[in-house]
Amino acid sequence: MPTHHRDDHELMRYLLRTAEELGVASYVAPYRELLERLIREGQYGASAGEDDRETFMEQAEMAQLLCEEIGLGVVSISAVLMEPPYIRGAITAQEVEELCPPGTLPLVERLAQTHELYHRYDLRQADQGEEFLLAIAEDIRVVLILLVECLNKLVYAKERMDESSRVLLAQVAQLLFVPTAHRLGLYKIKSQMEDLIFKYTDPEHYYEIKGLMGQTIVARQEYMEAFVAPIRAKLEELPLRWPYTIKSRSKTFTSIMHKMRNKGVAFEEIHDLSAMRIIIDAPPEEEYEACWLVYSIVTDLYTPNTKRLRDWISQPKANGYESLQITVQGPEGKSVEIQIRTTRMDRVAESGMAAHWRYKGVSGQASLDSQLTSMRQVIEELAGDKEKAAAAAQLSLRVESRDIFVFTPTGQMIRLPKGATVLDFAFAIHSNMGLMAQSAQVNGKRAKLRDKLKNGDVVNITTAKNQRPSVDWLQSVTTRKAKNKIRQAIRDQQESGLQAGKELLERRFKNRHLAYQESIFTTLLRKMGYKGNMDFFIDLSEERINVPNFLDQYAELCAEAEARAAESRRVAPTPTAIKSTEAPDGREIVVSTADFKGLEYTLASCCNPKMGDEIFAYPSKSGLKIHTRNCPNAIDILGRHGDRVLPARWRGMESSAVVATLYVTALHDAVTIGRVISTLHQAEECTLLNEEQQLDGGLWHGTFTFREGERQALFALQAQLQSIKGVQQVRLEQ
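Residues numbered from 1 in each chain as written. Predicted model: local features only at pLDDT ≥ 70, side-chain atom pairs only at ≥ 80, totals over all residues. Heavy atoms only, no water.

**Regarding the confidence of the model for the protein chain**
Turning to step 1, where the next piece is worked out: Overall, the predicted model of the protein chain reaches an average pLDDT of 75, with 76% of residues at or above 70.
Turning to step 2, where the next piece is worked out: Taken element by element, the protein chain is modelled with least confidence in helix α17 (residues 386-392), mean pLDDT 39, and with most confidence in helix α18 (residues 422-429), mean pLDDT 92.
Turning to step 3, where the next piece is worked out: Taken as a whole, residues 579-587 scores under 50 in pLDDT and shows 14 contacts with residues more than four places along the chain or in a different chain. (pLDDT = per-residue confidence, 0-100. Helix = DSSP H or I, 4+ residues; strand = E, 2+ residues; numbered from the N terminus. Contact = heavy atoms within 4.5 Å.)

Given below as structure tokens:
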């Protein structure tokens with residue numbers, strides 16, 4: 001733990017000696033001159049109001065801890081020492097580049113940026129704390145520096161901060177740094193942090209446990225000496241061929257409190273206040289043999305609790321942790337936990353390479369665990385190996401995060417996937433903000449809605465009530481929420497616009513006394529470039545179409561269609577008499593067309609027409625087939641092939657006069673036409689004498705003539721036809 005017993009000159013000498021040992025002696029002289037000048041001129045602190053000498057002492061102690069406890073090199077040390085004057089502007093980027101080891105400037109800049117973002121952190125979003133810390137740091141060394149900085153602040157919080165500030169610092173440490181230290185396996189730093197947090201957040205119980213531990217310290221030391229003596233004697237008796245050391249340690253105040261609370265026991269009932277560690281200095285190829293030999297000696301002397309045996313040597317943890325752990329029953333029936341490991345295993349565990357972040361049950365995410373495991377491996381290469389530390393001074397391990405963390409102007413932190421845009425941010429705040437987003441500012445500068453965000457950006461969205469999303473917006477977002485909301489809004493707009501457009505068109509048609517005809521409407525839309533009517537109705541509702549001009553074009557097309565229909569009615573076909581091949585008596589049927597002149601007919605076997613039956617003719621490959629109007633197949637034939645059906649009658653049964661004609665216009669639809677024909681043929685009070693059918697685009701036109709004296713029945717038939725779905729117009733002329 002850092003202390004203030006060293007003066008600044010001693011710390012300076014220590015740090016510069018470290019630089020020489022790490023092989024960067026060429027930087028020592030200018031490095032010393034720069035630091036001494038800054039301190040002497042009062043330009044070292046990050047702000048003018050700071051005590052420069054005090055600030056340097058804090059930074060130097062942090063650098064010392066990073067070097068001694070974690071094993072970081074001169075680049076990290078230089079970044080820690082140079083950050084305050086760099087933030088203040090007392091030194092330039094060029095000076096840092098020239099006077100410090102290569103790689104210092106990028107780390108200083110990253111550290112300064114991370115500090116700025118770190119101070120915006122919202123404690124209410126603690127569930128994202130660890131990932132937020134890793135994401136904004138982007139470099140493992142920055143994370144480690146922040147951890148040590150937090151520990152250093154906790155150490156001196158009592159003498160430098162008021163109570164509320166101490167509690168806030170402790171909360172930040174608990175939520176942000178303790179879990180990260182735990183996962184990284186920086187167990188020593190984690191334990192120190194936890195006890196200091198306990199001290200500031202629950203001082204009453206902290207000092208109570210401290211007092212109890214102080215009262216039992218002599219008894220615990222005597223007990224451990226009596227417990228260790230037989231083990232030491234047995235090891236000396238062998239003798240063990242490897243050097244070894246035996247260490248004992250007390251439980252932390254925090255772990256004691258947790259045990260008292262979780263198990264509901266009093267302090268006097270906790271028997272494992274102390275634990276023992278046997279460390280054997282065996283070479284790697286003999287580690288397994290050495291640890292198990294010591295295990296057998298211990299368990300010969302004391303009864304083991306086999307349920308609590310943990311063999312992390314035969315099968316190391318996924319994070320690299322190796323040790324034999326056993327709980328035995330010592331004198332007076334007290335339990336003692338013993339860890340048996342080699343010097344290498346102990347260095348790895350103590351320096352942070354073998355994290356207890358799985359062992360102690362800290363819940364975590366697989367992707368974050370993978371990131372921290374990679375970091376642990378880097379720390380392992382740094383710790384206790386000065387040759388590797390020199391090379392690792394150039395190392396900048398990027399933390400690959402899938403997410404970024406950005407902020408609202410009020411400091412609320414928003415988590416988004418990497419690659420997210422300003423518009424994604426707006427939808428993350430609220431769906432309505434996203435749908436009405438009009439413009440934005442990022443870090444005080446104007447930005448486009450499609451601009452991508454990065455860690456730490458402060459985003460301000462401006463909305464407008466009349467703003468509406470468009471299809472193009474889908475190209476400006478990456479999150480599923482934003483895409484779904486935009487699609488839904490567009491669908492709602494289309495449905496609303498479609499209905500409004502239809503209602504508008506119906507009113508305008510009514511004002512102009514125009515009848516809606518599907519074929520003419522479709523023809524006009526295609527002429528205007530529309531593939532479907534949905535886009536047309538939406539444009540109509542949004543006033544992007546000149547309605548009077550559209551109605552004029554529609555009326556013109558209707559007039560042209562009516563003129564063509566009138567012309568076709570004017571040229572009536574000449575009835576032609578044809579003979580039956582099945583009628584030896586020479587009876588004839590009159591068919592209303594000249595196209596089949598000389599063609600013979602046959603009577604359909606499905607209905608067997610007889611003289612006097614109402615009939616019609618249907619052209620087939622073998623000639624004309626004559627069917628009765630009530631033939632079982634009549635409805636199907638008339639509905640599907642109505643345009644090919646020909647009116648027919650028996651010669652000698654003509655009406656003397658034709659006084660009424662029905663003109664029917666309907667959609668070219670088999671069901672609609674079938675219903676029209678069926679209705680006409682089933683009208684018992686009306687005698688159908690002749691009929692003609694023709695197609696005009698998407699419309700079907702039928703002309704039907706009736707006998708005299710049936711006006712009231714014809715009016716009723718007209719009304720009945722007009723009620724059929726798909727019938728556009730029914731006109732009666734007499």
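**A look at the sheet that holds strand β10 (residues 445-447)**
Turning to step 1, where the next piece is worked out: Read across the sheet, 3 strands follow the order β10-β9-β11 without closing on themselves; strand pairing throughout is antiparallel. Lying at the two open borders of the sheet, with one neighbouring strand each, are β10 and β11 (459-463). Across the sheet, the axes of successive neighbouring strands diverge by a mean angle of 30 degrees, strand direction being ignored.
Turning to step 2, where the next piece is worked out: Where strand β9 (residues 437-442) lies against β11, 5 bridges are found, and the strand directions are antiparallel. Pairing of Ser 439 across the sheet is with Thr 462, part of β11.
Turning to step 3, where the next piece is worked out: Across the face of the sheet, α18 comes into contact with β9 and β11 while running at roughly 80 degrees to β11. (Pairing = 2+ DSSP bridges. Axes fitted to C-alpha atoms, helices over the stretch in contact; angles between N-to-C directions.)

**A look at the nonpolar core**
Turning to step 1, where the next piece is worked out: Residues Leu 144, Leu 147, Leu 154, Phe 177 and Met 193 are the most contacted members of the largest nonpolar core, which totals 59 residues.
Turning to step 2, where the next piece is worked out: Put simply, the parts of the chain that give this core at least two residues each are α2 (28-40), α3 (52-70), α4 (74-88), α6 (104-118), α8 (140-155), α10 (163-184) and α11 (187-201).
Turning to step 3, where the next piece is worked out: In terms of residues, this core owes the most to one element, α8, which gives 12 residues.
Turning to step 4, where the next piece is worked out: Listed in part, the 29 residues of the second largest apolar core include Met 224, Ile 246, Ala 290 and Cys 291. (Core = buried A, V, L, I, M, F, W, Y, C linked by side-chain atoms within 4.5 Å. Buried < 20%, exposed > 50% of the residue type's maximum accessible area, 1.4 Å probe, protein only.)

**Examining the packing of α10 against α11**
Turning to step 1, where the next piece is worked out: Relative orientation of the contacting elements α10 and α11 amounts to 155 degrees, with a least axis distance of 9 Å. Classified by the angle their axes make, α10 and α11 are roughly antiparallel. Here the hand of the crossing between α10 and α11 comes out left-handed. Across the interface between the two elements, Arg 166, Val 167, Ala 170, Ala 173, Gln 174, Phe 177, Val 178, Ala 181 and His 182 of α10 pack against Lys 190, Met 193, Glu 194, Ile 197, Tyr 200 and Thr 201 of α11. (Parallel < 35°, antiparallel > 145°, perpendicular 65-115°, else oblique. Left-handed = near helix turned anticlockwise from the far one by under 90°.)

**Looking at the packing of aromatic side chains**
Given two aromatic rings, their pairing is described by the distance between the two centres and the angle made by the two planes.
Turning to step 1, where the next piece is worked out: For the structure shown, the criterion picks out 7 aromatic pairs.
Turning to step 2, where the next piece is worked out: Ring geometry for Tyr 288 against Trp 292: centres 6.3 Å apart, planes inclined by 55 degrees, an arrangement best described as tilted. Here Tyr 288 and its partner Trp 292 are both found in helix α14 (residues 287-301), 4 residues apart, which amounts to about one turn of the helix.
Turning to step 3, where the next piece is worked out: Taking the relative accessible area as the measure of exposure, Tyr 288 reaches 47% and is therefore partly exposed.
Turning to step 4, where the next piece is worked out: Lying over the aromatic face of Tyr 223, Lys 334 brings its terminal NZ or CZ to 5.0 Å of the ring centre. (Phe/Tyr/Trp six-rings, centres within 6.5 Å; stacked < 30°, edge-to-face > 60°. Lys NZ or Arg CZ within 6 Å of the ring centre and 35° of its normal.)

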